[in-house]
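For reference, the chains in residue letters:
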4 protein chains.
Amino acid sequence: MNFCSDNVTGFAPEILDALARANRGAAMPYGQDELTASVERRFAEIFERDVAVFLLATGSSANALALSCLTPPYGAIYSHPLAHVAVDECGAPEFYSGGAKMVGVPGEHGKLTADDLDKALAASGRGVVHHVQAAAISISQATEAGTIYRPAEIAAIAEVARRHGVRLQMDGARFTNALVAQNVGPADLTWRAGVDALSFGASKNGAMAAEAVVFFDKTLAREMPYRRKRAGHLFSKMRFLAAQFDAYLTNDLWLRHARHANEQARRLADGLAKLPGARLLHPVEANEIFIALPEPVIAGLERAGFQFYRWIEEGPGVLRLVCAFNTDPAHVSEFVKTAERLARG
Amino acid sequence: MNFCSDNVTGFAPEILDALARANRGAAMPYGQDELTASVERRFAEIFERDVAVFLLATGSSANALALSCLTPPYGAIYSHPLAHVAVDECGAPEFYSGGAKMVGVPGEHGKLTADDLDKALAASGRGVVHHVQAAAISISQATEAGTIYRPAEIAAIAEVARRHGVRLQMDGARFTNALVAQNVGPADLTWRAGVDALSFGASKNGAMAAEAVVFFDKTLAREMPYRRKRAGHLFSKMRFLAAQFDAYLTNDLWLRHARHANEQARRLADGLAKLPGARLLHPVEANEIFIALPEPVIAGLERAGFQFYRWIEEGPGVLRLVCAFNTDPAHVSEFVKTAERLARG
Amino acid sequence: MNFCSDNVTGFAPEILDALARANRGAAMPYGQDELTASVERRFAEIFERDVAVFLLATGSSANALALSCLTPPYGAIYSHPLAHVAVDECGAPEFYSGGAKMVGVPGEHGKLTADDLDKALAASGRGVVHHVQAAAISISQATEAGTIYRPAEIAAIAEVARRHGVRLQMDGARFTNALVAQNVGPADLTWRAGVDALSFGASKNGAMAAEAVVFFDKTLAREMPYRRKRAGHLFSKMRFLAAQFDAYLTNDLWLRHARHANEQARRLADGLAKLPGARLLHPVEANEIFIALPEPVIAGLERAGFQFYRWIEEGPGVLRLVCAFNTDPAHVSEFVKTAERLARG
Amino acid sequence: MNFCSDNVTGFAPEILDALARANRGAAMPYGQDELTASVERRFAEIFERDVAVFLLATGSSANALALSCLTPPYGAIYSHPLAHVAVDECGAPEFYSGGAKMVGVPGEHGKLTADDLDKALAASGRGVVHHVQAAAISISQATEAGTIYRPAEIAAIAEVARRHGVRLQMDGARFTNALVAQNVGPADLTWRAGVDALSFGASKNGAMAAEAVVFFDKTLAREMPYRRKRAGHLFSKMRFLAAQFDAYLTNDLWLRHARHANEQARRLADGLAKLPGARLLHPVEANEIFIALPEPVIAGLERAGFQFYRWIEEGPGVLRLVCAFNTDPAHVSEFVKTAERLARG
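Not measured: the values here are computed from a predicted model.

### A look at the overall build of chain A
Here is step 1: Tallying secondary structure elements over chain A gives 13 helices and eleven strands in all.
Here is step 2: Its C-alpha radius of gyration of 20 Å places chain A within 12% of the 20 Å reference for a compact globule of 345 residues.
Here is step 3: With the C-alpha coordinates aligned to their principal axes, the bounding extent of chain A is approximately 60 × 55 × 35 Å.
Here is step 4: Going through the 345 residues of chain A one by one, you find that 65% of them count as buried.
Here is step 5: Carbon together with sulfur atoms contributes 52% to the accessible area of chain A, which is approximately 11400 Å² in total.
Here is step 6: The averaged location of the 38 negative side-chain charges in chain A is 2 Å from the averaged location of its 36 positive side-chain charges.

### Considering the relation of the copies chain B and chain A
Here is step 1: The two copies are related by a screw operation: chain B maps onto chain A through 180° of rotation and 0.0 Å of translation along the axis, at an RMSD of 0.0 Å. Considering both components of the superposition, the chain copies are consistent with a two-fold axis. Using C-alpha coordinates, one finds that chain B approaches the rotation axis most closely at Ala231(B), a distance of 3.7 Å.
Here is step 2: Most of the interface of chain B is mirrored in chain A, where 100% of its interface residues again form contacts.

### Digging into the nonpolar core
Here is step 1: With 145 residues, the main nonpolar core has Phe43(A), Phe200(A), Phe43(B) and Phe200(B) as its most contacted residues.
Here is step 2: Core analysis: the second largest hydrophobic core is formed by 144 residues, Phe43(C), Ala76(C), Leu249(C) and Leu179(D) among them.

### Let's talk about the sheet that holds strand S10 (residues 309-310) of chain C
Residues and elements named next belong to chain C.
Here is step 1: Judged by pairing direction, the sheet is antiparallel, and its four strands sit side by side in the order S8-S9-S11-S10 without closing on themselves. Every other strand in the sheet has two partners, leaving strand S8 (279-280) and S10 as the edge strands with one partner each.
Here is step 2: As paired elements, S8 and strand S9 (residues 288-292) share two bridges and run antiparallel to each other. Bridged to leucine 280 within S9 is isoleucine 291.
Here is step 3: Relative to the sheet, helix H12 (residues 253-273) contacts S8, S9 and strand S11 (318-322), its axis offset from that of S9 by approximately 10°.

### Comments concerning unusual backbone geometry
Here is step 1: For the bond from Gln141(B) to Ala142(B), the omega torsion is -5°, close enough to zero to count as cis.
Here is step 2: Backbone geometry places Cys90(C), a non-glycine residue, at a positive phi of 50°.
Here is step 3: Inspection of the secondary structure assignment puts Cys90(C) in the loop between helix H4 (84-87) and helix H5 (92-97).
Here is step 4: We classify Cys90(C) as buried; its relative accessible area is 1%.
Here is step 5: Notably, Glu48(D) is not glycine yet its phi reads approximately 55°, a positive angle.
Here is step 6: Within the element layout of this structure, Glu48(D) appears in the loop between helix H2 (34-47) and strand S1 (52-56).
Here is step 7: You can call Glu48(D) partly exposed: its relative accessible area is 47%.

### Overview of the packing of aromatic side chains
Two aromatic rings are characterised by how far apart their centres lie and by the angle between their planes.
Here is step 1: Evaluation of the coordinates by the stated rule reveals 82 aromatic pairs over all chains.
Here is step 2: Relative to Phe216(A), the ring of Phe47(A) has its centre 5.4 Å away and its plane inclined at 65°; by these criteria the two rings are edge-to-face. Remark: Phe216(A) occurs in the loop between strand S7 (211-215) and helix H9 (224-230) and Phe47(A) occurs in helix H2 (residues 34-47); sequence separation between them is 169 residues. Phe216(A) carries the same exposure label as Phe47(A), and that label is buried.
Here is step 3: Centre to centre, the rings of Phe43(D) and Phe200(D) are 5.3 Å apart; their planes meet at 80°, and the pair counts as edge-to-face. Taken together, the residues Phe43(D) in helix H2 and Phe200(D) in strand S6 (residues 197-201) connect sequence positions 157 residues apart. The same class applies to Phe43(D) and to Phe200(D), which are both buried.
Here is step 4: Each member of the aromatic cluster is reached from another via a ring pair, and the members are Phe43(A), Phe47(A), Phe175(A), Phe200(A), Phe216(A), Phe245(A), Tyr248(A) and Trp254(A).

### Notes on the relation of the copies chain C and chain B
Here is step 1: The two copies are related by a screw motion: chain C maps onto chain B through a turn of 180° and a shift of 0.0 Å along the axis, at an RMSD of 0.0 Å.
Here is step 2: Of the interface residues in chain C, 100% have counterparts in chain B that sit at the interface too, so the contact is made through matching surfaces.

### So, the interface of chain C and chain B
Here is step 1: Between chain C and chain B, the contact holds 20 residues from the first and 20 residues from the second.
Here is step 2: Looking at the side of chain C facing chain B, the largest losses of area belong to Tyr74(C), Tyr226(C) and Arg230(C), adding up to 42% of the total buried there.
Here is step 3: At the surface where chain C touches chain B, the tally comes to zero salt bridges.
Here is step 4: Our count for the chain C to chain B interface comes out at ten residue pairs in polar contact (both at pLDDT 80 or more).
Here is step 5: With five residues, the single largest contributor to the side of chain C that touches chain B is helix H10 (residues 224-230) of chain C.
Here is step 6: Counted by class, the side of chain C that touches chain B contains ten nonpolar, six polar and four charged residues.

### Description of the side chain of Ser79(D)
Residue and element names in this part refer to chain D.
Here is step 1: Within the fold, serine 79 resides in strand S2 (residues 75-79).
Here is step 2: Since its relative accessible area comes to 0%, serine 79 is described here as buried.
Here is step 3: Apart from residues lying up to four places away in sequence, serine 79 is in contact with Val85, Ala86, Met102, Val103, Gly104, Val105, Leu112 and Ser138.

### Some words on the sheet that holds strand S8 (residues 279-280) of chain A
All names here are of chain A.
Here is step 1: Spatial ordering of the open sheet is given by S8-S9-S11-S10, a layout of four strands whose pairing is antiparallel. Of all the strands in the sheet, the pair left with one neighbour each is S8 and strand S10 (309-310).
Here is step 2: On top of the sheet, helix H11 (residues 253-273) reaches S8, strand S9 (288-292) and strand S11 (318-322); it is set at about 10° to S9, its chief contact.

### A short note on helix H13 (residues 295-303) of chain C
All names here are of chain C.
Here is step 1: Taken together, the buried positions of H13 are Val297, Ile298, Gly300 and Leu301. Each buried residue of H13 sits inside an arc of 165° when the element is viewed along its axis, so together they form one side. Facing away from the buried side of H13, by more than 90 degrees, are the exposed residues Pro296 and Arg303.
Here is step 2: Contacts made by the buried residues of H13 are with S10, S11 and helix H14 (329-344).
Here is step 3: The positive-phi residue at the C-terminal boundary of H13 is glycine 305, with phi of around 95°.

Rules and cut-offs
Residues numbered from 1 in each chain as written. Chains lettered and ligands numbered in written order. Predicted model: local features only at pLDDT ≥ 70, side-chain atom pairs only at ≥ 80, totals over all residues. Heavy atoms only, no water. Helix = DSSP H or I, 4+ residues; strand = E, 2+ residues; numbered from the N terminus. Rg over C-alpha atoms; globule rule 2.2 N^0.38 Å. Buried < 20%, exposed > 50% of the residue type's maximum accessible area, 1.4 Å probe, protein only. Areas by Shrake-Rupley, 256 points an atom, 1.4 Å probe, with all protein chains shown as cover. Lys, Arg positive; Asp, Glu negative; His and termini not counted. Charge placed at Lys NZ, Arg CZ, Asp CG, Glu CD. Least-squares fit on C-alpha atoms with pLDDT ≥ 70 in both. Contact = heavy atoms within 4.5 Å. Core = buried A, V, L, I, M, F, W, Y, C linked by side-chain atoms within 4.5 Å. Pairing = 2+ DSSP bridges. Axes fitted to C-alpha atoms, helices over the stretch in contact; angles between N-to-C directions. Phe/Tyr/Trp six-rings, centres within 6.5 Å; stacked < 30°, edge-to-face > 60°. Buried area = accessible area lost by both parts, 1.4 Å probe. Salt bridge = Lys/Arg side-chain N within 4 Å of Asp/Glu carboxyl O. Polar contact = N/O pair within 3.5 Å; in protein donor to acceptor, adjacent residues only side chain to side chain. Nonpolar A, V, L, I, M, F, W, Y, C, P; charged D, E, K, R; others polar. Arc of directions from axis to C-beta.

Now the structure itself:
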């Protein structure tokens, strides 16, 4: 009963079947195979637009490679100070960009606002040679606080980006969780709202190891093939990344997975939030819950064998609980019941 | 009937089974799982020594990360001019090292000699501030010409490396092919001969996407965890890299695969070499063949549906043919027979 | 009557004479000349200890090169958020280090405190592969707010540095101004207090273009010769950097210059601080003044031909005034008198 | 009597006077002063065209910064294998470009030919993701062998560059020596022949420390201000770089200096070439001589107090002799006379 993260899970049986299917016969390497081409077309369908797609295996490589196409080495990338790209990738954006600077713009519940970005960018020293030059904004969808951006919020940020001549990248490690949380389409959450490049995650949502960078403006992707190869992220047997996406994007598997994860998170949050001493730190909008609980409850849950991370950066007594595509509803029920029992003392 | 490369193949059924097995239940991410730990122990067994192991998914990342731990940014890495690291990784060593220089030392049949390296290193300007500083030697095992290094040859190179204060890395994308081609053990071909770090490839020998960097001197690995993470090569669901190695290193699967590939290459070379106008460019010691054939034979083979690369860098009329872990012996026979028929005119 | 900065001045006549003297005859290049050797010995005398000295021409190169010897590419450098290295060098530390991260730790009056650093370092994720690894602290002496560090403050910071296994670099663009502001010696402000590397500035204090990096632990300087050359900062005619230091460090020229600048700043601050509506933002401890004045006074000073920067990052109505080695005392008097007249309306 | 290099000299008295003149009064920093602006205009006059000019203090920084504006990190820069940028800058182009690769194309007498470049570029793998992408050609004028390129030769190389979509940079550390060696103008040797960017050296020809990067296509200079600052090569007291160029480019000082140096080299070469056992390795076209002499002659010259470098990379018994803007003709006569006496035994 592991609620540590959506990366402690395995992957869906459909993905395994797809790997097995793709394993028949020979295929040309490095993405010259038919399956990769077909997955690329599938992305275009889903996003209702011609796109440049690059399959990868890790989220950090997706973010860092995408950003490296959007910023010069002397550029600055604006993100929430808690963004994965800012704090959890051991400096990957700095490495891939050749030394660009991450600039943190704080905001409630893990979210950037267009206003704060506008102010930060206005004070950034555009054209002043002493300062790094604002080049890109990176937003996480869903955020590191488990919240989501609506199309209008993204559009407002994109408008600020355009006005200041910078690009907008979206870290979509949990893109699908954010998508199914609202009644919109993939295009609405991305290019229609002004996103230039998306890191489209599948690994956290039921794939084995599959991510994609999607450029909505293909001219921005010009350097990407070389940067990917040079970084050692061009897979020779690309078809096995493609196979994962093939299954993932078929029969709504991706959407079903995310709906399930969100729903379990909803149930878990609802159950815990009413306990005495409980306090949700952020709205639960996707599949992550940040909640303060009384220490005896936490300790009791740990003793009972539940696994989760204490999230000390948000204070003592705070947990992060993450539900996944395959979280067993019975485990959620048991978690809530155990917590209730502990809370009663 | 694809002889283009050993990366056009799929992967072995044992690997698929291992993925399926590893897919049960939750596991802690980023290599903190039991399967990864057990694979690391397995490497120690195989190499008869405590080692630091880092699982990866691509050969270029293995080489570039290993080399980045062995050279400062102002360093020089000596390799054969045709080495994969020198010409086929779009500058990955330069990227990962922060701008080190690849220095080519030519040699017959894709091999470096201790003597040539000694001369090159003696003239490299050690301690002269105007010149990049020799830091590492990289050798390919098997080489890009399909030849192999014997332990004595490696030891001679390692002795030169030690004398000049540089490290020795081995690109073992086809390590197992080189291993089974001679009556020695993995330790003999590596640390016992003086190798500091090995890129141990499995992808070209029946895995899906699995490589490992093995440091024989663990102090050299100190920076590796951060460099791997920062490069986006730390897999969250590491167990699926581990699972591939688990199967690969069990019941001699890796050795059996390589023996098969080498044997088919042997058969193919023997069959073709006696054709009129045929000329082997390099000794066939592993699973690659470089052979000049009359143009009508080549054209005829292409028309007959055989796939392979024309290797124009070695001259007109030269083919590279690669056999793999699952090359069908009947395909080899058919290739030879077709060529014989074409050669007769 | 230019109070914009201490870099709008020319240089001292003693420096010019030294250049002329050094210009006689031939001398071996790249620092192999006698004058450079003698200047290096002079640094050892001044700092009462064997040191490794590297002459340079710009302050940004001194800081960036020094820091690049103290941090790996995946390192983090802790500084005040307003430090020159953090905001005024267009990402030089990031470039030179290969992508390290600047982490800002706020503090009053441009100063870091040992306590705040201790907290920040304790939370930095030492050994956690997802996070950049704390590698160095950089403090500015004098600070960007015109304040200074005392030996005890530096020692407290150095103790934190040692405890957390990081190095301490001092940006001494205005080192001499900070030195003469207190009754201590160069060694007290640096290695005796625990500083590992010092950027020792002369350009802002009467030299033409001369800076030095001083390593107090010579083993830290091992990479510096190559890094300097590789960055294009190794001067062939090094003797003309050495000549500047030769004059600068002779007959207390450096100390006299700084005393003059500090004294004029003191006079200017005293004169302005008592004006109605005036408010000093920071203690005036060296040669820089940050002061809020009523807008009509500011506008009147500008009309009267005084040059200075409005320092809007500290709010509207804030000026920065800098005195230099050759600031004419009469100009200071006139500035104050004019301001007084304007303040009376 | 030092013939080691043109960087062992001091600088011309006119340069010293210019520094003294520029030292009057205050001036805005970082190139916002009038003198810098006027020097920029002077460059436009000399090159008969609007240009973007960046003043620097070292030749390596000029080359590396210029090249970094012409190549992506995954680019390749083609030069002669003995080019200064390839072997004498400790990897500066690799550092500044973020890891581009230097590719050597051999040629007689230190020169590249259009044909050889054409072949190398044709085989470079344009658009093939596995290979670094050809981005720039760098030629040295005069070359490291003391030879020069004529406009037609440059134009032929530039035509190859254009055809392959790469840029042409000229390392003009000894540009003026190459210029006065032929009856052409600065424009003929640069943009009219197709050069995109020039490193225009003055340090080796009588300045103290002054170099300039001149972009003939100003759009190529877009990134340069930030790259220069970030590298610590933006001088605060820029006027003292400008002052050197002001004097250098006035009253033909630069041309007179180079003519003198070339003439003394001519005299020296003529005197030595007729000695028994003497052999010039390259045509003497500028101010450098590469000559083989009998060992007793060399040893005798050394004993007589003449300083020069033995140039062992061109074989035993080879000297490099360099004449400078202020080489004393009497020293040349004495060198020749001494050698003659020694050669007679």
